[in-house]
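Spelled out, the chains give:
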Protein chains: 2
Amino acid sequence: MEIKIMKNILNRNQNKADEVRDLLESKKVLMVNIISSPGSGKTTLLEKTCEALVSNYKIGIIEGDITTDRDARRLQKYEIPIIVINTEGGCHLDSHSISKALESFDLDNLDVIFIENVGNLICPSSFDLGEAFKLALVSTAEGDDKPAKYPLLFREAKAIILNKIDLIPYSNFNYQSFTNDLRRINGGIIKFDVSCTKGNGMNKWFEWISEQIKK
Amino acid sequence: MEIKIMKNILNRNQNKADEVRDLLESKKVLMVNIISSPGSGKTTLLEKTCEALVSNYKIGIIEGDITTDRDARRLQKYEIPIIVINTEGGCHLDSHSISKALESFDLDNLDVIFIENVGNLICPSSFDLGEAFKLALVSTAEGDDKPAKYPLLFREAKAIILNKIDLIPYSNFNYQSFTNDLRRINGGIIKFDVSCTKGNGMNKWFEWISEQIKK
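The structure contained in this document is the topic of the report that follows. (Residues numbered from 1 in each chain as written. Chains lettered and ligands numbered in written order. Predicted model: local features only at pLDDT ≥ 70, side-chain atom pairs only at ≥ 80, totals over all residues. Heavy atoms only, no water.)

### Section: the overall build of chain A
A tally of regular secondary structure across chain A gives eight helices and seven strands. Its C-alpha atoms give chain A a radius of gyration of 17 Å, within 12% of the compact-globule value 17 Å for 215 residues. When the backbone C-alpha atoms are referred to their principal axes, chain A occupies close to 50 × 45 × 35 Å. For chain A, the residues scored as buried account for 57% of the 215 residues in total. (Helix = DSSP H or I, 4+ residues; strand = E, 2+ residues; numbered from the N terminus. Rg over C-alpha atoms; globule rule 2.2 N^0.38 Å. Buried < 20%, exposed > 50% of the residue type's maximum accessible area, 1.4 Å probe, protein only.)

### Regarding the relation of the copies chain A and chain B
Mapping chain A onto chain B is achieved by rotating through 180 degrees and translating by 0.0 Å along the same axis, at an RMSD of 0.0 Å. Taken together, the rotation angle and the small translation identify this as a two-fold axis. Interface residue correspondence from chain A to chain B reaches 100%, placing this contact among same-surface, isologous pairings. (Least-squares fit on C-alpha atoms with pLDDT ≥ 70 in both. Contact = heavy atoms within 4.5 Å.)

### What to know about the interface of chain A and chain B
At the interface, 38 residues of chain A touch 39 residues of chain B. Both sides of the chain A and chain B interface together cover about 2,900 Å² of buried area, and 57% of this is carbon and sulfur. Our count for the contact surface shared by chain A and chain B stands at six salt bridges. Asp-181 of chain A is the partner of Arg-70 of chain B in a salt bridge, and the nearest nitrogen-oxygen pair spans 3.2 Å. Linking chain A to chain B there are 10 residue pairs in polar contact (both at pLDDT 80 or more). Residue assignment for the side of chain A that touches chain B shows that the elements contributing at least two residues are α1 (2-26), α3 (70-75), α5 (146-149) and α7 (175-185) of chain A. Residue composition of the side of chain A that touches chain B, grouped by class: 14 nonpolar, nine polar and 15 charged. (Buried area = accessible area lost by both parts, 1.4 Å probe. Salt bridge = Lys/Arg side-chain N within 4 Å of Asp/Glu carboxyl O. Polar contact = N/O pair within 3.5 Å; in protein donor to acceptor, adjacent residues only side chain to side chain. Nonpolar A, V, L, I, M, F, W, Y, C, P; charged D, E, K, R; others polar.)

### Quick notes on the pairing of strand β4 (residues 112-116) of chain A
Sheet faces and side chains relate simply in a regular strand, where the side chains alternate between the two faces. Residues and elements named next belong to chain A. Burial analysis of β4 places five of its five residues in the buried class, the great majority of the element. Side chains Val-112, Phe-114 and Glu-116 of β4 all project onto a buried face; the interleaved residues Ile-113 and Ile-115 project onto the opposite face, where all are buried too. Relative to β4, strand β1 (residues 30-35) is paired through five bridges, and the arrangement is parallel. The residue of β4 that forms the bridge with Val-32 is Phe-114. Where strand β2 (residues 59-65) lies against β4, five bridges are found, and the strand directions are parallel. Counterpart to Glu-63 in the pairing with β4 is Glu-116. (Pairing = 2+ DSSP bridges.)

### Comments concerning the side chain of Thr-44 of chain A
Residue and element names in this part refer to chain A. Within the secondary structure, Thr-44 is located in helix α2 (residues 42-53). Looking at Thr-44, the relative accessible area reads 16%, which means it is buried. A polar side-chain atom of Thr-44 sits 3.0 Å from a polar atom in the side chain of Arg-74.

### Description of the packing of α2 of chain A against helix α8 (residues 202-214) of chain A
All names here are of chain A. Packing of α2 against α8 brings their axes to within 11 Å, and their N-to-C directions diverge by 70 degrees. One element, α2, and the other, α8, form an angle in the roughly perpendicular class. The chirality of how α2 crosses α8 is right-handed. Here α2 contributes Leu-45, Lys-48, Thr-49, Ala-52 and Leu-53 to the contact with α8, which in turn contributes Met-202, Trp-205, Phe-206, Ile-209, Ser-210 and Ile-213. Residues of the contact of α2 with α8, tallied by class, amount to eight nonpolar, two polar and one charged. (Axes fitted to C-alpha atoms, helices over the stretch in contact; angles between N-to-C directions. Parallel < 35°, antiparallel > 145°, perpendicular 65-115°, else oblique. Left-handed = near helix turned anticlockwise from the far one by under 90°.)

### Observations regarding the sheet that holds strand β1 (residues 30-35) of chain B
Residues and elements named next belong to chain B. With parallel pairing, the seven strands of this open sheet are ordered in space as β3-β2-β4-β1-β5-β6-β7. Two strands bound the open sheet, and with one partner strand each, they are β3 (82-86) and β7 (190-193). Put simply, the sheet's adjacent strands are angled 20 degrees from each other on average, direction ignored. Two elements, strand β5 (residues 133-139) and strand β6 (residues 159-163), share five bridges in a ladder whose sense is parallel. By the bridge assignment for β6, Leu-137 is matched with Ile-161.

### A look at the pairing of strand β3 (residues 82-86) of chain A
Residue and element names in this part refer to chain A. Along β3, the buried face is formed by Ile-83 and Ile-85; none of Ile-82, Val-84 and Asn-86, which line the opposite face, is buried. Looking at chain direction, β2 and β3 are connected through five bridges and run parallel. Bridge pairing in β3 places Glu-63 opposite Val-84. You can see the chain leave β2, run along α3 and come back into β3, and the turn it takes is right-handed. (Right-handed = clockwise from strand over helix to strand, strands pointing away.)

### So, helix α4 (residues 95-102) of chain B
One full turn of an α-helix is made of 3.6 residues, so residues set three or four places apart face in the same direction. Residues and elements named next belong to chain B. Listed in full, the buried residues belonging to α4 are Ser-95, Ile-98, Ser-99, Ala-101 and Leu-102. One face of α4 carries all of its buried residues, which in axial projection span an arc of 160 degrees. Where α4 begins, the side chain of Asp-94 points an oxygen toward the backbone nitrogen of His-96, at a separation of 3.1 Å. (Arc of directions from axis to C-beta.)

### Let's talk about the packing of aromatic side chains
Using the criterion set out here, one finds 11 aromatic pairs over all chains in the structure. Both rings, one in Tyr-170 of chain A and one in Tyr-170 of chain B, keep their centres 3.6 Å apart while their planes meet at 10 degrees; by these two values the pair is stacked. Here Tyr-170 of chain A is found in the loop between β6 (159-163) and α7, whereas its partner Tyr-170 of chain B is found in the loop between β6 and α7 (175-185) on a different chain. Taken together, the aromatic side chains of Phe-133, Phe-192, Trp-205 and Trp-208 of chain A make up a single cluster linked through ring pairs. (Phe/Tyr/Trp six-rings, centres within 6.5 Å; stacked < 30°, edge-to-face > 60°.)

Just distances and angles here, no functional claims.
As structure tokens, then:
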């Protein structure tokens, strides 16, 4: 019974996701769905990415948050269009809310939309939002066992950013164990080791995401 | 329609939670429901707590995990009863799975049961498992804005452990802002500032939880 209900929700989500994907392809807009635990650094990643890319590309942001517009306010300084979706307790975004959010953008005037999903390593991974791809973000402070313990996101994502590598010396994060688990789950995943706040490794990420936008 | 379904699930959960709570009260077993993001340090907290308390109290553990028994294996060394609940993708524990897990314990021979919920700052907060109280855990590496952005858990919890205080010098965590938000959401919450790995502040936690068990 419960499984059936879940299936209906997922089916309805999928149909709308396919519509969203078709629309964005026709408008040549890349949409990236960023998923992580709370506090892995999604907003800081977006701040640094906007800073690096905003002079070359037209960027839009969809901010998924349970409540508050704190993340959106951190991004206002880039003077780009930002839509906040407050889920009011909901643990993920779905394609219907994304479809509505897209109505507020001028899609003919955008190259890329970054979705900052609700901070949750589990539920958002099950929902296709019509994105070009999912980007996983995980911080070294969360420990090296996250891919093994929460495999779905890491299996679904095209790329992963390992953030806060500057904290490795102060923690018991085992880089080799993390990488081995990750490769076992998703051998083809593209990986960036960075510190969003200190700047380490960020240029590689900027280059790669720029290429994806230009494609 | 969806709201109605959610209500039914929550009602069924609540009835069973009340049963569980009655059972545990009659057996004088304290059950603590530990909730946090992935990687905040739930398992490390349990390791240190078992180490400190296992000679004085009879401890049982329920490990909620999406997949794997990694956390349970880390706790095996204390030779205490541990039940693993693999949710197979599910984002929270519910009172029905807890009720079943309790059948495997000898409740006459236990003082306290710690539940390590699935790593998720959102969904588990909505589910009463029949616990005596919820314990929130949050790491400084997640940033100071967690109470404001994910208020439900912090409103529901009796106590909060702020973990990884040893990382504050290497991050932009604003302690005052964290504390102000927390007090605004839940003025009566009991707070412990600790580093589970380094040991700072742990004695206060051990004393307090011992008192709760003895009550």
